Amino acid sequence: NEDKQCKERAEKWWKDYQKKGEKQMLIEGTSAGDRDSAGQAEVLAKKYPDVALAPIVQGARAAKDARTRASLVLTADHLKDEKVVAFLREELDGPFLYARVRAAAALTARGEPAGSKALHREWKQLQGKQVDRWENGWAVDELIHTLTHCGDAAAIRLLSDEMPNHEINTRSTIIRQLATAEKDLRSRPLTKEAVEAIEDLLIKAMVDRDQEPSDSSRANGKSVSEPMLGDLAVEALTERWKQPKLFDITGPLQIRERQRLEVKNVWLQKRGKKLIAVPPLAPNHGRARRQGSTTRQVDPRCENTC
């Protein structure tokens, strides 16, 4: 029965451990590329880093599932072995998207051009290959996180150009990631060019009327149900500017539309461009205020609230 088999496996493991020792057991466990290899590799890399890379490479090549291989790639990246970069480059052409993204992110963080090139390639291929978002959700999310935090303005512009071709969850993930992106993968502050590329993307996304199937709450205690992606983009932009009061995503549509134009004027002012006209509030805006929404008067010619 199952209990008997489990006991036999445990006894066999203990005999092998006594005979071979911890180090060899970890090497063999890592090299196997099975579901236990990721955990074995972490211990091996921590306790015996000088011999860890070869078993990790062997285990990655033997792995039959994406998460195990991706985990092994991440563990290898933490090693100081000079041969790690060669392994990461090789993994850029591996069979699993998740592991390829991990390798590309690791190379990008090391300042290796091959990493950023691979990230661009994977993003461009997402739509053409019709990658199953459900099956590859972790990989796609990590790809988006890496692209939004790599500090490369060209990568941000690439995201912006391709966004309309992707499904709602992918677009909303990009917006949410960019709301908080402040440093690149090497923990350096984003360049002025990268920051401007992020702002440009969010401005472009403001017109997206598709709704995200989600429910959440905000600091004012109000809830947001199935928000438009355009509203999420405006909110993300005002969060980046540290001026969240410029846009109330929980307010009535009429108020939000006016605030949207005011926010765009702030962006136009930052770029030295001509401002757009903001129509006055309709006569019934007072009723909206009595129902619990709040409005503010903002001078779109300045970045600070009035």
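Since the structure is predicted, the reported quantities are computational estimates derived from the model, not experimental observations. (Residues numbered from 1 in each chain as written. Predicted model: local features only at pLDDT ≥ 70, side-chain atom pairs only at ≥ 80, totals over all residues. Heavy atoms only, no water.)

S.K.: Explain the pattern of salt bridges to me, please; I cannot follow it from the model alone.
M.R.: Close approach of charged atoms lets side chains of opposite charge pair. Summed over the entire model, instances satisfying the criterion amount to 26 salt bridges. Across the pair Glu90 and Arg61 runs a salt bridge, and its minimum N-O distance is 2.9 Å. With Glu90 in helix α6 (residues 84-91) and Arg61 in helix α4 (residues 53-62), this pair connects stretches of sequence that are 29 residues apart. Given the relative accessible area of 41%, Glu90 is considered partly exposed. Where salt bridges share partners, they join Arg209, Asp231, Arg256, Glu257 and Arg260 into one cluster. (Salt bridge = Lys/Arg side-chain N within 4 Å of Asp/Glu carboxyl O. Helix = DSSP H or I, 4+ residues; strand = E, 2+ residues; numbered from the N terminus. Buried < 20%, exposed > 50% of the residue type's maximum accessible area, 1.4 Å probe, protein only.)

S.K.: What is the right way to read the side chain of His120 from this model?
M.R.: Relative to the helices and strands, His120 is located in helix α8 (residues 113-129). Looking at His120, its side chain comes within polar contact range of the side chain of Asp152, at 3.5 Å. Apart from residues no more than four positions distant in its own chain, His120 is found in contact with Leu147, Asp152, Ala154, Ala155 and Leu158. (Polar contact = N/O pair within 3.5 Å; in protein donor to acceptor, adjacent residues only side chain to side chain. Contact = heavy atoms within 4.5 Å.)

S.K.: Even after reading the chapter, I still don't get the environment of Val195, so can you show me in this structure?
M.R.: As for its placement among the helices and strands, Val195 is situated in helix α12 (residues 192-205). Of the residues examined, Val195 reaches a relative accessible area of 24% and is grouped as partly exposed. Along the backbone, Val195 and Asp152 are 43 residues apart, and their C-alpha atoms lie at a distance of 9.6 Å. Residue contacts for Val195: discarding those within four places in its chain leaves Leu190 and Arg240.

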